[in-house]
Amino acid sequence: MEGKRELTREQKIKLIMGADFWTNYDADGRLYTFVVSDGPVGLRQPLDRTTTEQSDCIKSVAYPSVQMLSQTWDPVLAYEMGRSLGNDCIEQDVDILLGPGVNIKRLPTNGRNFEYFSEDPYVAGVFAREYIKGVQSKHVGTALKHFCCNNSETSRHWASMEVDERTLREIYLRPFEIACEAQPWTVMCSYNLVNGVRMSEHEKLYGVLRNEFGFDGMIMSDWEAVKDSEASMNAGLNWEMPYNEAHQREMLAKAEKLDEKKLDASAARVAALADKCEAESKMRRQDMTLQERRAVAQKIEEEGIVLLKNEGVLPLEAGKVFVTGAPAVRYYYGGGSSNVYPERDFEPLAEALAAEGVDAEYGESVWETNGHQSHLGNLKEAVLRAAQKDVTVLCVGEPNTCEYESTDRQQIRLSKEEEAAIHALAEASEKLVVVVYAGAAIDMSDWIGEADAVLWAGYGGEFVNRAVARVLTGKVNPSGKLTETFPFRLEDVPAENAYRDEAVMLYNEGLNVGYRYFDTFDVPVLFPFGFGLSYSKFVYRDICLEKSGKTVTVRFTIENISDADGKETAQVYVREVTKEVYRPYKELKAFRKIFIKAHECRTVELTLDERAFAYYSVAKDAWTVKPGVFEILVGVSVQQIMLKQKIVL
Ligand code: GLC
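These numbers were taken from a predicted model, which means no experiment stands behind them.

Draft legend 1. Representation of the pairing of strand β21 (residues 587–596). With eight of 10 residues buried, β21 lies mostly within the body of the structure. The pairing of strand β20 (residues 566–576) with β21 spans nine bridges and is classified as antiparallel. Residue pairing across strands places T569 opposite K593, the latter belonging to β21.

Spelled out as structure tokens, the structure:
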């Protein structure tokens, strides 16, 4: 703490806890008051800052979900979204944005998967790093969250995640390690325990965060994650959120007995952040208009939409289109603290299609009510209307009563009424396009065979239907790819079968999370990690590897052999052939999204550094590369490998 400002012990105790839900204690006017606010995909500032309720909030730009952002496979868009959010924060006088969340999608049922990037730690880390850089480029801070292993919502306040050291390092800590390269101003600890110690009191993992990942900011708790203020402070937590009268009273009562060094250390972290926010606030200048920020939201959705199936129906040709399903006329989003109140009126899909010159009309068929209950409103009439049109576009999905913070999904199929509507409309329609508005993998195996095309719109933000309309009509060539596996059945996911009770979740699948399991054990999936179709067609050729010390440069060419300009994401996986420990068959270590004009050829060059070949050795407590034979595989998804070549390191 700066010499000019010696605080009393009482002031320090007050300083290491929030003054309310969203601001710091100002030490009787001697410190700048900074404001923190949710959330990762848009500001959610309650009009009444003394509450965290989902009460009236200031309307803000509602960006697509973090899932959709990652499906763009374009880290530049992560930076742009961060920069745009930084502008939103400046407009609403917010000093620190409570995001991004980088928790790994271990369970498809996790109720907050829409808020997270991927099942793959490299994708999650790279996108979080660029997002943080974007926000902080506007002199606004971020809160990298939730540190760590907050991979489900079930009993999140009390359950201990039992994870072995190697899995912890390679899967669950890795995104934080990569994201810390952007030096987030703060990290938010999670509610849960890890290996029996509450994360708000996890001195060992705070040590990894600071001493190995180089994090030099303030560690805050998640809201009401602290059960013991003194133990948390002693472990290295710096700021308990939100204000808790009983906790503060206890701390003040034992003020003389508290560890003075620990108290000073935490108080200094909070004071330093206040000083930083004060200094940075003077340099804040908005440099994006509302229109420009809206354009970022629309662009991310257009680039993140994934074309999952297309059998001769998209892009739509001239003709009459019947639009039906709740998300065509109602805004779908994930519930909880990341919720945003859009500053723009909802745009029905039929209107968005009409704006693109399509003869489209909406009619009700199936309507969700609550959770997985839906009712088949006017399905009979809808079937008759569909029969008179050229194409039916049926919108289905999971609203915020299905996917929301504090609760996990119990299953991953659509409601039975929505599945019934799909069957009925498939029967009646010349062509059926299903558009899915959900935040996490959906088991489509019951009906996908009857759909001519399937589009994943996800939780697409306030421009969702404009983006969907532009993809359906071909104004936008779909280029999104999945960053999480869509299993055929929930039972196929090892983590879903792992031991759990009210106190413990056993991560006994170890490294075998997502594609690391399905690909290694050849388990069929509905859609693999990295999958996504395009209106273009790409051919890969001429892989060439060049070694320089412990890094390898990978070069190859991609040709767009179609008549449609398009974007392709090439994924580079590494396989250790002569391994000495267990390793998943292959792991993603680099990727590049590239625009290629029709009938053009582009060369892609990517560099794999030493860490791309390493595993975490528990025997040596260090990342380790064993000299030997490795294979580099270039794929359009984890399953579809186009080029591969071995190299000796
Ligand atoms: C919530 C969430 C966290 C959010 C915080 C403030 O419980 O876990 O992501 O930023 O509390 O609303």
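Don't stop here, the text continues.
Draft legend 2. Here's a closer look at unusual backbone geometry. In this structure, the amide linkage connecting D38 to the following residue, G39, adopts the cis form with an omega of -10 degrees. For G39, the location among the structural elements is in the loop between β1 (36–37) and α2 (66–70). Of note, the amide linkage connecting K145 to H146 takes the cis form, showing an omega dihedral of -10 degrees. Its location among the elements puts H146 in strand β3 (residues 141–147). Here S155, not a glycine, exhibits a phi torsion of approximately 40 degrees, which is positive. Locating S155 in the fold gives a position in the loop between β3 and β4 (160–162). Its relative accessible area of 31% is what places S155 among the partly exposed residues. Look at D621: it is not a glycine, yet its phi comes out positive at around 55 degrees.

Draft legend 3. Fine view of helix α14 (residues 416–428). When the terminal C-alpha atoms of α14 are compared, their 18 Å separation across 13 residues agrees well with the 18 Å that a helix rising 1.5 Å per residue should span. For α14, the elements touching its buried residues are β10 (320–324), β13 (373–375), α13 (379–387), β14 (391–397) and β15 (432–437).

Draft legend 4. Inspection of the environment of R166 at higher detail. For R166, the location among the structural elements is in helix α5 (residues 165–172). Between the C-alpha atom of R166 and that of G325, which follows or precedes it by 159 residues, the distance is 45 Å. Aside from chain neighbours lying at most four places away, what touches R166 is L511, V581, Y582, R583, Y615, Y616 and V618. A distance of 2.9 Å separates a polar atom in the side chain of R166 from the backbone oxygen of Y582.

Draft legend 5. Layout of the site of the ligand. Near the ligand you find 15 residues, and of these D38, K145, H146, Y191 and D222 are the closest. Contact distances for the ligand include 2.6 Å between an oxygen atom and a side-chain N or O atom of D222. Look at the ligand: alone it shows 310 Å² of surface, and the protein chains cover 95% of it.

Draft legend 6. Examining the sheet that holds strand β19 (residues 551–560) more closely. Taken together, the three strands give an open sheet; going across it, the order is β18-β19-β22, and neighbouring strands pair in antiparallel fashion. Where the open sheet ends on each side, the last strands, each with one partner, are β18 (538–548) and β22 (601–608). Averaged over neighbouring strand pairs, the angle between their axes works out to 20 degrees when direction is ignored. Sheet analysis places β19 next to β22, joined by eight bridges and oriented antiparallel.

Draft legend 7. Spatial organisation of the pairing of strand β26 (residues 641–648). By the bridge criterion, seven bridges tie strand β25 (residues 629–635) to β26 in an arrangement that is antiparallel. If you follow L633 over to β26, its bridge partner there is K644. The antiparallel pairing of β25 with β26 creates a hairpin that spans five residues between the two strands.

Draft legend 8. Representation of α5 in the model. Within α5, seven of the eight residues are buried, which leaves the element mostly enclosed by the surrounding structure. Its side-chain oxygen placed 3.1 Å from the backbone nitrogen of R166, D164 serves as the N-cap of α5.

Draft legend 9. Fine view of the sheet that holds strand β16 (residues 453–456). Spatial ordering of the open sheet is given by β9-β16-β15-β14-β10-β11, a layout of six strands whose pairing is mixed. On the outer flanks of this sheet lie β9 (306–310) and β11 (359–362), each paired with one strand and no other. Each strand axis lies, on average, 20 degrees off the axis of its neighbour in the sheet, ignoring direction. Judged from the six bridges that link them, β14 and β15 form a sheet pairing that is parallel. By the bridge assignment for β15, V393 is matched with V433. Helix-sheet contacts for α14 involve β10, β14 and β15, and the interaxial angle to β14 is about 170 degrees.

Calculation criteria
Residues numbered from 1 in each chain as written. Predicted model: local features only at pLDDT ≥ 70, side-chain atom pairs only at ≥ 80, totals over all residues. Heavy atoms only, no water. Buried < 20%, exposed > 50% of the residue type's maximum accessible area, 1.4 Å probe, protein only. Helix = DSSP H or I, 4+ residues; strand = E, 2+ residues; numbered from the N terminus. Pairing = 2+ DSSP bridges. Expected span 1.5 Å × (residues − 1). Contact = heavy atoms within 4.5 Å. Polar contact = N/O pair within 3.5 Å; in protein donor to acceptor, adjacent residues only side chain to side chain. Near = heavy atom within 4 Å. Areas by Shrake-Rupley, 256 points an atom, 1.4 Å probe, with all protein chains shown as cover. Axes fitted to C-alpha atoms, helices over the stretch in contact; angles between N-to-C directions.

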